[in-house]
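Observations on chain architecture
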Amino acid sequence: MLHASLSASLGSLFVLLAGANVWVMLHASSRSKDHAAHARLMWAHRLGGYAFILLFCVFFYFMALRIKGSPDELPPRLTFHIILALLLIPILLVKVLIARYYRHYSSALLFLGVTIFALSFALVAMNLVPYLLGRAASTGAPASLSLGFFLTVCSGLGFLLLRRPRQSTPAGSRATPNDSTDRLTADASRPEIRRRRSSSRRLQLARIDVQTHDTKTLRFLVADTDRFAARPGQFLTFQWQIDGKAVPRSYSISSSPTQSAYVEITPKRLPDGYVSAFLNDHAAVGLEVEASGPFGQFYFDEGRDQRIVLLAGGSGITPMMSMLQYIDDRCLRTAVTLIYCVRSRRDVIFEQALTRLRRRLQEFRMVLVLSQPDAGWNGPRGRVSRDLIATHVDDLRASTFFLCGPPPFMESMQGMLTSLAVRSERINRESFGYMRTIGGAALEGAPPLQGTVEFVRAGKVCDVPPGKTLLEVAEMHGVGIPSGCRQGRCGTCVTKLLEGDVQMDTEDGLEASDKAEGYVLMCVGRPRGDVKVDA
């Protein structure tokens, strides 16, 4: 009798630990903004998980003793019980491996936790329920036990049905003074922001390949401890050391993200380009540089984009090459149309690689347009036109468009696609050559914005001169705000707006979740009146 009661108690604890681990994972995901609470919950999840494994080993040992010496033909219920126990072993192993060594697959942990909970519940219920029912049938269940069971069930259901979770106050680009101070501490420790600002690594130049007369591909080695996961089309922000000065510049990754041991960029020498001239004329193998990222919302997603059209002008081909090589490396069946516009044949970047990809990718079609062709050129010439796009793109409505090139090229392509009734959400843009734009409209002629900014953490209130960004004002007054590209692309300077209204020249480096919660890009942010920021 004592043995049966102990088994029932341990079985209930077994199921309770499995269910508690699932609840902790769900609760931890909802508390991801509170780093301290999230860390405590994950510690509790780890402790509960190891206790569950220990208890499972004890149960498995006694189950093995129970069937030791049994005849070959086991009762069906016992056979099924053994099968469920054996199923738990590989699932537990996979869960531990993901939690400890393969955290980039952590999204699978919740599913595995629910599966473990279901199997553990079935394991215990197969023995516990017949025992309780048999005991109740023979001796009758005590009134105190029945009442306790009834109150426990009612309390649990009432807690789940009547408890109202705390709702976070939505935040946009406007913040109200009432909630600015309360969220100050939690926002400062936001994991995504801290990760973005601290994701710097040291790269070493290992190879230089000449692409054209004014463009080279630079291959940088990535240390084993600094490997990162980029998406095809994203960029890195580099801190170049030139003439004793740190000069930040952002460059799109031109290599495939599947190549984790190295990363490539392809800078084109620009007229009066300080960094591009250095990289093309003076960079040598062995050069070391600090890089942060990857950043950017301009990327190919094979789960979302089944048919894509790449519109590239000049050096705008670099992120497109990352996408094409990724598609080739992964052997994807994505239908790709590349419309690439350059001045002449000698200006075609990645000419050999594109020729190779045209042979390898069955669903890849390339249209090369020369604006200043030679006499022997038989292909399209001039500029990319609306009719050329309509002719070479099979399904405009089902395609996702990626635009990259100089600002005039981008504006022209945007207008053509709009006239072809392509929905705005299917158009992705990445500009080479910075222009102050937001929502597709240029802001160069807009009147200068000004006001005051209060840096709450620093305890400083500063006037914002006309034309100055919030980052520039912070630097003028000694307020430390991490920054990278200074063009609103990398998101390094993202900061919480606590009160007031800020106009940003561009929102390319701002994730949708950040924008929804009231974060702004300080390097391109200008106040409309008086504002408070978490800095």
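Described in the following lines is the structure provided in the data block. Note that the structure is predicted; figures quoted are calculated from it, not measured. (Residues numbered from 1 in each chain as written. Predicted model: local features only at pLDDT ≥ 70, side-chain atom pairs only at ≥ 80, totals over all residues. Heavy atoms only, no water.)

When you go through the chain residue by residue, the secondary structure sums to 14 helices and 20 strands. When burial is assessed residue by residue, the chain has 43% of its 535 residues classed as buried. Taking the contacts inside the chain whose residues are at least 6 apart along the sequence as the reference set, 70% of them involve residues at least 24 apart. Here the chain has roughly 28400 Å² of accessible surface; of this, 58% comes from carbon and sulfur atoms. (Helix = DSSP H or I, 4+ residues; strand = E, 2+ residues; numbered from the N terminus. Buried < 20%, exposed > 50% of the residue type's maximum accessible area, 1.4 Å probe, protein only. Contact = heavy atoms within 4.5 Å. Areas by Shrake-Rupley, 256 points an atom, 1.4 Å probe, with all protein chains shown as cover.)

The next thing to look at is the pairing of strand E7 (residues 288-295). For E7, the tally of buried residues reaches 6 of 8 residues, placing the bulk of the element in the interior. In this sheet, E7 lies alongside strand E2 (residues 200-212) in antiparallel orientation, the contact comprising 5 bridges. Bridge pairing links Arg201 to Ala291 in E7. (Pairing = 2+ DSSP bridges.)

One open sheet holds the 6 strands; their spatial order is E5-E4-E7-E2-E3-E6, and the pairing between them is antiparallel. In the strand order of this sheet, the two ends are held by strand E5 (245-252) and strand E6 (262-265), each with one partner. Averaged over all pairs of adjacent strands, the angle between their axes in this sheet comes to 35 degrees, without regard to strand direction. In this structure, strand E4 (residues 235-242) lies alongside E5, joined through 8 bridges in antiparallel fashion. Pairing of Leu236 across the sheet is with Tyr251, part of E5. Sheet contacts for helix H8 (residues 274-281): strand E3 (215-222), E4 and E5; angle to E5, the most-contacted strand, approximately 80 degrees. (Axes fitted to C-alpha atoms, helices over the stretch in contact; angles between N-to-C directions.)

What follows is about the pairing of strand E17 (residues 494-504). Judged by how many residues are buried, E17 sits mostly within the fold: 10 of 11 residues are covered. When E17 meets strand E18 (residues 519-521), the two strands line up antiparallel, connected through 3 bridges. By the bridge assignment for E18, Val494 is matched with Leu521. Sheet analysis places E17 next to strand E20 (residues 531-533), joined by 2 bridges and oriented antiparallel. Residue Glu499 lies in a different strand from E20, and its bridge partner there is Lys532. Strand direction decides the pairing type here: E17 and strand E19 (residues 525-527), joined by 3 bridges, are antiparallel. Bridging across to E19, Val502 finds its partner in Pro527.

So, on to the environment of Phe364. Looking at where Phe364 falls in the secondary structure, it is placed in strand E10 (residues 364-370). Measuring from C-alpha to C-alpha, the distance between Phe364 and Val336 comes to 4.8 Å, with 28 residues separating the pair along the chain. For Phe364, the contacting residues outside a window of four places in its chain are Leu324, Val336, Leu338, Leu354, Leu357 and Arg358.

Here we take up a nonpolar patch on the surface. On the surface, Leu54, Val58, Tyr61, Phe62 and Leu65 cluster together into a nonpolar patch covering about 510 Å² of accessible area. Position of Phe62 among the secondary structure elements: in helix H2 (residues 35-67). (Patch = residues over 30% accessible without salt bridge, like charges linked within 9 Å, V, L, I, M, F, W, Y side chains within 5 Å. Salt bridge = Lys/Arg side-chain N within 4 Å of Asp/Glu carboxyl O.)

Attention now moves to the nonpolar core. Core analysis: the largest hydrophobic core is formed by 30 residues, its most contacted members being Leu310, Met320, Leu338 and Tyr340. Of all the secondary-structure elements, those providing two or more residues to this core are strand E8 (307-313), helix H9 (317-329), strand E9 (335-342), helix H10 (351-360), E10 and strand E11 (400-405). The biggest single contributor to this core is H9, with 7 residues. Excluding anything up to four places from it in sequence, Met320 contacts Phe298, Leu310, Leu311, Ala312, Phe402, Leu403 and Cys404. Leu471, Cys493, Val520 and Val531 belong to the second largest nonpolar core, which has 25 residues in total. (Core = buried A, V, L, I, M, F, W, Y, C linked by side-chain atoms within 4.5 Å.)

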